[in-house]
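What follows is each chain in one-letter form.
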Amino acid sequence: MKRTHKKALGFLGLSLVVATTIFAASLPGPEALAATSTAFTDTIVVRVVGDAPNVNITSPANNAVYVNPSQNISFIYENVERVKVTLEYTDVDGNVHNYDLDTIIADYKPGSASYDIDLSNPPYGYGEYVVRITGTSEVDIDVEDSISFSYYPVTATVEKDDTTGKIYADLNYNSDSTDIDRFEITVYDENGDKVTKIPTITTAPPTKRVELPIAENVLAAGKYSIVITTYGTDGKALYKSYATLFVYDPEPIVVPNTGSFSGGLNISQTDYLITGLFVFFLVGISGLIWVGKDRKSSRK
């Protein structure tokens, strides 16, 4: 009985070994796992929360200039009872409008909020904006963060083409806009006076680059600016102007390197060399003629 029991246990153990070996052999190797598995990357954002009340605007960027009306206002807050979000808008006529966007009951818990806003829709429009986030605690200690940004129909940069020497204004505007009809570009000098030699330049979408005929009109070197007025499809000005400053420096006239002695004569070193060789040649010919005559006189 004992011998039979031992044989049964031995057979069972051997069967387990065989089964384990078969299972291990059926498992894919490291290469197969690497080829068939999908890698996942977890991004962990750690936010350090302080003890003092705090609010902080994360977008838009401060002092940014936009031509796209779709903007996002985002901010974070901590250790405040409530948060108030306001927007100040100064329109093209200089009128200031204030709007309460939201009030959040934070209950002293850290949090964040985000709002998408379309500046092309009423009651907004082209102009200047200020976003203010105010946090209030139970002891009436207010903390505030604010940023300013602008929304224009067009911005511009002025640059010189190094190959042609021409001056261009590169326009940046929202190509999807349906309310822009044309742009009028006027050139002013550093005193703020209109350059009469250059008439107002009119262009329209989809044009992005406009030549400024400055060199052709022989303007002096100095500081200039362009003012761009944008008109809508109704013929009215959408935004009064946008000024871009630039420095115009015409190409200097290159003169030959004549040295100190001949600086006022405008004679180059090559001219001196040619003249010297010519004089040397004349002197040599004259010497040969004089020697020949002298020999003839001696024979006589």
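Residues numbered from 1 in each chain as written. Predicted model: local features only at pLDDT ≥ 70, side-chain atom pairs only at ≥ 80, totals over all residues. Heavy atoms only, no water.

**Examining the overall build of the protein**
Consideration 1: From N to C terminus, the protein includes 3 helices and 16 strands.
Consideration 2: Buried residues in the protein amount to 30% of all 300 residues.
Consideration 3: Across the protein, every contact between residues at least 6 apart in sequence was considered, and the portion connecting residues at least 24 apart equals 60%.
Consideration 4: Within the structure as shown, the protein displays about 20600 Å² of accessible surface, and the carbon and sulfur contribution to it stands at 57%. (Helix = DSSP H or I, 4+ residues; strand = E, 2+ residues; numbered from the N terminus. Buried < 20%, exposed > 50% of the residue type's maximum accessible area, 1.4 Å probe, protein only. Contact = heavy atoms within 4.5 Å. Areas by Shrake-Rupley, 256 points an atom, 1.4 Å probe, with all protein chains shown as cover.)

**Side note on the side chain of Thr229**
Consideration 1: Checked against the element boundaries, Thr229 lands in strand β14 (residues 222-232).
Consideration 2: For Thr229, a relative accessible area of 16% translates into the label buried.
Consideration 3: A distance of 2.7 Å separates a polar atom in the side chain of Thr229 from the backbone oxygen of Lys240.
Consideration 4: Excluding residues within four positions of it along the chain, Thr229 makes contact with Arg182, Phe183, Glu184, Ala237, Tyr239, Lys240 and Ser241. (Polar contact = N/O pair within 3.5 Å; in protein donor to acceptor, adjacent residues only side chain to side chain.)

**Remarks on the pattern of salt bridges**
When the charged atoms of two side chains with opposite charge come close together, those side chains can pair.
Consideration 1: Enumeration over the complete set of coordinates arrives at 6 salt bridges.
Consideration 2: Between Glu159 and Arg209 there is a salt bridge, with its nearest N and O atoms 2.6 Å apart. Within this pair, whereas Glu159 is found in strand β9 (residues 154-160), its partner Arg209 is found in strand β13 (residues 209-212), the two being separated by 50 residues in sequence.
Consideration 3: Arg182 is the partner of Asp181 in a salt bridge, and the nearest nitrogen-oxygen pair spans 3.5 Å.
Consideration 4: Accessibility expressed as a relative area gives 35% for Asp181, which makes it partly exposed. (Salt bridge = Lys/Arg side-chain N within 4 Å of Asp/Glu carboxyl O.)

**Some remarks on the sheet that holds strand β2 (residues 64-66)**
Consideration 1: Spatial strand order, β2-β8-β7-β4-β5: 5 strands in an open sheet with mixed pairing. Each of the sheet's edge strands pairs with one partner strand only, and the pair in question is β2 and β5 (96-105). Taken over all neighbouring pairs, the strand axes of this sheet differ in orientation by 25° on average, direction set aside. (Pairing = 2+ DSSP bridges. Axes fitted to C-alpha atoms, helices over the stretch in contact; angles between N-to-C directions.)

**Here's the deal with the sheet that holds strand β1 (residues 54-59)**
Consideration 1: Spatial strand order, β1-β3-β6: 3 strands in an open sheet with antiparallel pairing. Sheet topology places β1 and β6 (111-118) at the edges, where each strand pairs with a single neighbour. Adjacent strand axes in the sheet meet at a mean angle of 20°, parallel and antiparallel pairs treated alike.
Consideration 2: Here strand β3 (residues 70-78) pairs with β6 via 8 bridges, running antiparallel. Directly across from Ile76, in β6, lies its bridge partner Ser112.

**Remarks on the packing of aromatic side chains**
Each pair of aromatic rings is reported with the distance of its centres and the angle of its planes.
Consideration 1: Under the counting rule described, the total for this entry stands at 13 aromatic pairs.
Consideration 2: Ring geometry for Phe75 versus Tyr115: centroids 6.0 Å apart, planes at 25°, classification stacked. With Phe75 in strand β3 and Tyr115 in strand β6, the pair connects residues that are 40 residues apart, well separated along the chain.
Consideration 3: On the basis of an interplanar angle of 80° and a centroid distance of 5.4 Å, the ring pair of Tyr99 and Tyr124 is categorised as edge-to-face. Placement of Tyr99 in strand β5 and of Tyr124 in the loop between β6 and β7 (127-136) is noted, with a sequence separation of 25 residues between them.
Consideration 4: Taken together, Tyr66, Tyr89, Tyr99, Tyr124, Tyr129 and Phe149 form an aromatic cluster joined through their ring pairs.
Consideration 5: Stacked on the ring of Tyr231, the Lys or Arg Arg182 has its end atom at 4.2 Å from the ring centre. (Phe/Tyr/Trp six-rings, centres within 6.5 Å; stacked < 30°, edge-to-face > 60°. Lys NZ or Arg CZ within 6 Å of the ring centre and 35° of its normal.)

**Some points on the confidence of the model for the protein**
Consideration 1: Overall, the predicted model of the protein reaches an average pLDDT of 80, with 66% of residues at or above 70.
Consideration 2: Note on residues 30-38: pLDDT under 50 across the span, and 1 contact to partners over four residues away in sequence or across chains.
Consideration 3: Within the model, pLDDT remains below 50 along residues 42-47, and this stretch shows 5 contacts once partners closer than five positions in the same chain are excluded. (pLDDT = per-residue confidence, 0-100.)

**Description of the nonpolar core**
Consideration 1: If you look at the biggest cluster of nonpolar residues, it comprises 51 residues, and the most contacted ones within it are Phe75, Leu171, Leu212 and Ile226.
Consideration 2: Leave out the neighbours within four places in its chain, and Phe75 touches Asn56, Ile57, Thr58, Val83, Val85, Ile104, Ser112, Ala113, Tyr115 and Ile133. (Core = buried A, V, L, I, M, F, W, Y, C linked by side-chain atoms within 4.5 Å.)

**Some words on unusual backbone geometry**
Trans peptide bonds make up most of the peptide bonds, and negative phi angles are found at most residues other than glycine.
Consideration 1: Note that the residue after Ser59, namely Pro60, is joined by a cis bond; omega there is 0°.
Consideration 2: With respect to the helices and strands, Pro60 occurs in the loop between β1 and β2.
Consideration 3: With omega at 10°, the peptide bond leading from Pro205 into Pro206 counts as cis.
Consideration 4: Along the chain, Pro206 falls in the loop between β12 (201-203) and β13.

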